[in-house]
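# Analysis of the macromolecular model
Chain by chain, the residues run as shown.
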Amino acid sequence: MRWVSMATGRGRQLQPPWRGLMARPPPLGGDGSARGRAGKAAGGSGFRTGRGVRLVAGCAALGHRARLDELCGKSCTGCSVSLDGLPSEILLKILSYLDAVALLCAGCVNRRFYHLANDNFIWIRIYSTAFSPKRSNWKVNSVEKTAVSMNSLSVGDKEAGYWKKEYITKQIASVKAALARVLKPLHPYTGLPVKTKEALRISGLGWVIILKENSGKEHILEHVDLSFNDSSVTAMWYGKDWPRLVTLSTLDLCGVTPVFLNRSQTPMKNGPRWHSLIAKYNLSHLTESTMLGCDRLIRIFCLHPGLVVGLWKREEELAFVMANLHFHHLVERSTLGSAAIPYELPPHTPLSDDSPECGLSGYQLHVDMHSGGVFCLCGTFRNLSTSKGYIENEYMKLTVISFKNSTEHLPLIGKVGLSWKTNIFDGCIKSCSVMDLTLLEEYGKPFWCFSSPVCMRPSPGPSDGPAFLGETYRVDYADAEGRVHLELVWIEETGEYFIVSLALYLRVSKINHWFGTKY
């Protein structure tokens with residue numbers, strides 16, 4: 001045994017005896033001690049050479065090994081240390097090495113970690129790093145000296161989490177200020193911000209839908225595809241793991257932005273994000289009255305504002321969801337609301353109308369009809385006007401294209417259809433499209449904006465206009481602020497649609513609220 005100790009070295013001698021046994025298990029054939037016991041059992045002649053003796057010795061060794069394994073497991077279990085069992089001082093030291101995102105995530109572990117992650121001394125260090133004023137090169141202090149230079153008593157006197165709130169508030173304010181600068185330049189024709197796409201990139205903005213079951217369970221789905229248009233963006237959701245439609249009650253459309261923005265890195269989907277409710281939809285409204293059209297695979301439904309829901313014809317289950325979002329106040333609506341309450345525009349100050357008796361004048365309309373990135377209509381109409389004599393049933397009519405003036409009639413370019421796709425199939429619903437409308441009032445400010453799916457339906461034709469050689473169709477849209485009525489004629493010879501009438505019906509209450517008039 002002394003030779004074994006010397007051969008194994010000093011380190012091996014200091015280990016527990018069972019460590020040596022575990023490191024060098026006895027062979028199945030037996031070694032010195034096992035062979036001695038086996039020899040006594042066999043008589044004075046020593047080992048029998050039969051196979052059974054070797055099995056007995058091997059089984060004895062394996063049984064001894066199993067008992068040692070059990071002892072090892074119990075010992076390791078008793079010696080394990082939980083992170084939650086460490087003293088608060090050590091945990092605070094560990095947390096002080098984390099950045100803001102990791103610190104917020106650590107605060108979600110349990111109640112104890114939440115309070116530790118609210119430590120003011122940790123957050124004032126992070127706050128000082130992010131927002132400390134620039135210093136000249138001859139007087140540079142480290143982050144620790146900056147934090148120490150502040151009044152330590154004031155840090156201790158603040159309630160827990162004060163500097164965390166201050167940091168988050170200032171981070172959000174800095175992002176808002178950056179977005180305001182980007183969104184300031186306006187397009188001369190649409191009156192909308194020129195750099196909306198850049199603002200979306202800077203903010204890391206995305207969109208999710210939250211499907212809520214009758215039981216209260218929620219399914220949060222990230223958008224799969226985005227398509228940018230001249231004055232709107234289209235977000236798509238599709239996949240194979242939709243919940244059953246019969247179990248669902250509502251659908252929430254929310255904008256999501258990272259709480260902490262780092263322009264040099266791609267926003268993390270698993271980091272802390274802010275949800276801003278844009279619209280809430282009731283899925284019980286998927287009825288025949290809201291159906292837009294169908295093809296051989298799916299039926300599509302329209303839920304205001306601007307949502308398209310596709311259902312498989314065979315199973316009556318969800319195939320895809322499409323949200324059409326107009327650029328007007330899109331960034332504000334997607335970032336400044338809360339998870340339960342949508343963003344509300346600031347109160348409108350009525351503009352002075354110099355000649356209210358003359359009605360409306362100097363209006364400008366920009367309208368697009370598109371799908372899947374393909375535009376069949378893109379038109380701008382200026383110097384639109386109307387008078388008080390065109391007020392009827394609480395609406396004021398604003399004529400854009402007249403039946404009687406054939407020089408104003410416009411063709412639709414290409415085929416009209418609403419493109420859709422899933423992870424397996426794709427298709428196109430004929431006679432449907434997405435309409436983006438932006439109406440600017442006489443001062444050049446957006447007065448009425450929307451992005452919504454529309455459908456062409458057969459029409460008997462205009463009663464007060466000329467007789468057209470071709471089938472007539474109409475497109476209608478209505479919301480709380482107004483209505484759109486579009487008349488089209490199909491020209492068989494050229495194989496295209498012509499717009500022969502376009503009229504907007506503006507709600508009088510909206511006009512009175514905007515200008516302070518009393519129509």
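The structure presented is a predicted model; accordingly, all values stated were derived computationally and were not measured. (Residues numbered from 1 in each chain as written. Predicted model: local features only at pLDDT ≥ 70, side-chain atom pairs only at ≥ 80, totals over all residues. Heavy atoms only, no water.)

With that out of the way, let us pick up the sheet that holds strand β19 (residues 446-455). Strands sit in the order β12-β11-β18-β19 across an open sheet of four strands; the sheet is antiparallel. Here the strands that pair on one side only, and so sit at the sheet edges, are β12 (374-386) and β19. Going across the sheet, the axis of each strand differs from the next one's by a mean of 15°, ignoring polarity. Sheet contacts for helix α15 (residues 508-515): β11 (360-371) and β19; angle to β19, the most-contacted strand, approximately 155°. (Pairing = 2+ DSSP bridges. Helix = DSSP H or I, 4+ residues; strand = E, 2+ residues; numbered from the N terminus. Axes fitted to C-alpha atoms, helices over the stretch in contact; angles between N-to-C directions. Contact = heavy atoms within 4.5 Å.)

It is worth spelling out the side chain of His-409 at this point. For His-409, the location among the structural elements is in the loop between β14 (395-401) and β15 (410-411). His-409 gets classed as buried once you look at its relative accessible area, which sits at 14%. Of note is the side chain of His-409, whose polar atom sits 3.3 Å from the backbone oxygen of Asn-405. (Buried < 20%, exposed > 50% of the residue type's maximum accessible area, 1.4 Å probe, protein only. Polar contact = N/O pair within 3.5 Å; in protein donor to acceptor, adjacent residues only side chain to side chain.)

Take the pattern of salt bridges next. For side chains bearing opposite charge, pairing can occur when the charged atoms are close. Considering all chains together, one arrives at eleven salt bridges under this definition. A salt bridge links Glu-222 to Arg-273; its shortest N-O distance comes to 2.5 Å. Of the two residues, Glu-222 sits in strand β2 (residues 218-222) while Arg-273 sits in strand β6 (residues 273-282), which places them 51 residues apart along the sequence. Judged by relative accessible area, which is 27%, Glu-222 ranks as partly exposed. For Glu-317, the salt bridge identified is with Arg-244, shortest N-O distance 3.9 Å. Of this pair, Glu-317 sits in the loop between β9 (307-312) and β10 (318-326) while Arg-244 sits in the loop between β4 (232-238) and β5 (248-258), placing them 73 residues apart in sequence. (Salt bridge = Lys/Arg side-chain N within 4 Å of Asp/Glu carboxyl O.)

Ordered by their spatial adjacency, six strands build an open sheet running β3-β4-β10-β9-β8-β7, and the pairing between neighbours is antiparallel. Of all the strands in the sheet, the pair left with one neighbour each is β3 (225-228) and β7 (291-294). Averaged over all neighbouring strand pairs, the angle between strand axes comes to 20°, with direction disregarded. Bridge count for β9 against β10 is five bridges, and the pairing is antiparallel.

Where strand β20 (residues 457-458) lies against strand β21 (residues 472-478), two bridges are found, and the strand directions are antiparallel. Bridging from a neighbouring strand, Pro-458 pairs with Tyr-473 of β21. Pairing of β21 with strand β22 (residues 482-491), which is carried by seven bridges, proceeds in the antiparallel orientation. The residue of β22 that forms the bridge with Asp-476 is His-485. Counting the residues in the hairpin turn of β21 and β22 gives three residues.

We now examine the pairing of strand β8 (residues 298-303). Across the six residues that make up β8, a large majority, six, are buried. Of the two faces of β8, the one holding Ile-298, Ile-300 and Cys-302 and the one holding Arg-299, Phe-301 and Leu-303 are both buried throughout. Here β7 runs beside β8; their pairing, made up of three bridges, is antiparallel. Directly across from Cys-294, in β8, lies its bridge partner Arg-299. In textbook terms, the turn of a hairpin is the stretch between consecutive antiparallel strands, and for β7 and β8 this stretch comprises three residues.

Within helix α13 (residues 196-203), the full set of buried residues consists of Thr-196, Ala-199, Leu-200, Ile-202 and Ser-203. An end-on view of α13 places all buried positions within 165° of arc, on one side of the element. Those residues of α13 that are buried lie in contact with α12 (162-182), β1 (206-213), β3, β5 and α14 (330-335). Phi for Gly-204, located one or two positions after α13, is positive at around 65°. (Arc of directions from axis to C-beta.)

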